[in-house]
Amino acid sequence: MWLLSVLLLPVVQGSPALMAVSDAVSGPMRGSLTVQCRYEPGWETYNKWWCQGAEWKSCHILVQTDGSEREARGDRVSIKDNQKLRVFTVTMEELRWNNADTYWCGIERSGTDLGVEVKVTIDPVIVQCHYGPGWETFVKSWCPDADLNSCAILVQTTGSQLKKNQLSIDQKKQTFSMAIWGE
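Residues numbered from 1 in each chain as written. Predicted model: local features only at pLDDT ≥ 70, side-chain atom pairs only at ≥ 80, totals over all residues. Heavy atoms only, no water.

A word on the confidence of the model for the protein
For clarity, the threshold we go by: On a range of 0 to 100, pLDDT expresses the predictor's confidence in each residue. The contact rule is simple, with two residues in contact once any of their heavy atoms fall within 4.5 Å.
Chain-level pLDDT for the protein is 81 on average; 78% of the residues reach the 70-or-more range. Long-range and interchain partners of residues 1–15, a stretch whose pLDDT sits below 50, account for one contact in this model, where long-range means more than four residues apart.

Quick word on the sheet that holds strand β10 (residues 114–123)
In sheet architecture, strand pairing relies on hydrogen bonds along the backbone and comes in two forms, parallel and antiparallel. How we decide: At least two bridges found by DSSP between two strands is the condition for calling them paired. The way it works is that DSSP assigns letters per residue, a run of H or I at least four long becomes a helix, a run of E at least two long becomes a strand, and they are numbered from the N terminus. To get an axis, fit a line to the C-alpha atoms, keeping to the stretch in contact for a helix; angles then go from 0 to 180 degrees between the N-to-C directions.
The sheet built from five strands is open, its strands ordered β2-β10-β9-β4-β5 with mixed pairing. Of all strands in the sheet, those with a lone pairing partner are β2 (24–28) and β5 (60–64), marking the two edges. Within this sheet the neighbouring strands show an average axis-to-axis angle of 30°, counted without direction. Bridging between β2 and β10 involves five bridges; their strand directions are parallel. Along β10, the bridge assignment pairs V25 with V120.

As for the environment of W49
What counts is decided by this rule: Pairing of N or O atoms within 3.5 Å defines a polar contact, subject to two protein rules: one partner must be a possible hydrogen donor and the other a possible acceptor, and residues neighboring in sequence count only if both atoms are side-chain atoms.
By secondary structure assignment, the location of W49 is in strand β4 (residues 48–52). Residues W49 and I107, spaced 58 residues apart in sequence, show a C-alpha to C-alpha distance of 6.2 Å. At 3.1 Å, the side chain of W49 and the side chain of D113 are in polar contact.

Points about the sheet that holds strand β8 (residues 87–92)
Across the sheet, five strands lie side by side as β1-β3-β8-β7-β6; this open sheet has antiparallel pairing. Only two strands of the sheet have a single neighbouring strand rather than two, namely β1 (18–20) and β6 (72–73). Bridge count between β6 and strand β7 (residues 77–82): two bridges; the pairing is antiparallel. Along β7, the bridge assignment pairs A72 with I79.

Quick look at the state of the cysteines
Note: disulfide means a covalent bond formed between the sulfur atoms of two cysteine side chains. We count it as follows: Throughout, disulfides are identified as pairs of cysteine sulfur atoms within 2.5 Å of each other. Relative accessibility under 20% of the residue-type maximum defines a buried residue, over 50% an exposed one, and the middle range a partly exposed one, all with a 1.4 Å probe and only protein chains included.
Inspection of the entire model under this criterion finds two disulfides. One disulfide in the model links C51 with C59; its S-S distance is 1.7 Å. The S-S bond linking C51 to C59 shows a torsion near -70°; that makes this disulfide left-handed. For C59, a relative accessible area of 14% gives the class buried.

Quick notes on the nonpolar core
Which entries qualify depends on this criterion: For our purposes a nonpolar core is just a set of buried Ala, Val, Leu, Ile, Met, Phe, Trp, Tyr and Cys residues, chained together by side-chain atoms within 4.5 Å.
In this structure, L18, V35, W50, F88 and C105 are the most contacted members of the largest nonpolar core, which totals 27 residues. Elements that contribute at least two residues to this core include exactly β1, β3 (33–39), β7, β8, β9 (101–107) and β10. The greatest single-element share of this core, amounting to five residues, is contributed by β10. Once residues lying within four places of it in the same chain are set aside, the contact partners of C105 are L18, V35, C37, W49, W50, F88, L114, G115, V116 and V118.

This is the structure in structure tokens:
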């Protein structure tokens, strides 16, 4: 009986055929991020895919390889398989706040595909402005244009007060910072 347990142990505790290098990744707003998914020998020439959605069986495939090492491109996303290293790499570019979601690395096969979950989050862009002594109680504004006369103000304080979750003020360091989440 002891011999039987030893023989079964590698099968029970074996590594999965597909795994993401990291199950959660993040990238900066308007930047890019990369996800790597590793697979075991034998899957080299299978199609690999990247899809978006909470359930991998019904997720939307954004990009897919053709079983080769050629890079495939979609809308702001690409996938490339390195069959020698048995890893495929997904790159998402020009990230937007609504790219934060559940994604899946997958391998197409007969029957049910292989899939592994990856959570993607988008980091805000932080803009920090410094001001001199004596300006603590003045209104501070953020405007994305060089011409102040025609600029649409995106966010504005009322003196030393904050505007909810977008702006913070550090009176001691004489700075105000804004987190940009969306477009």
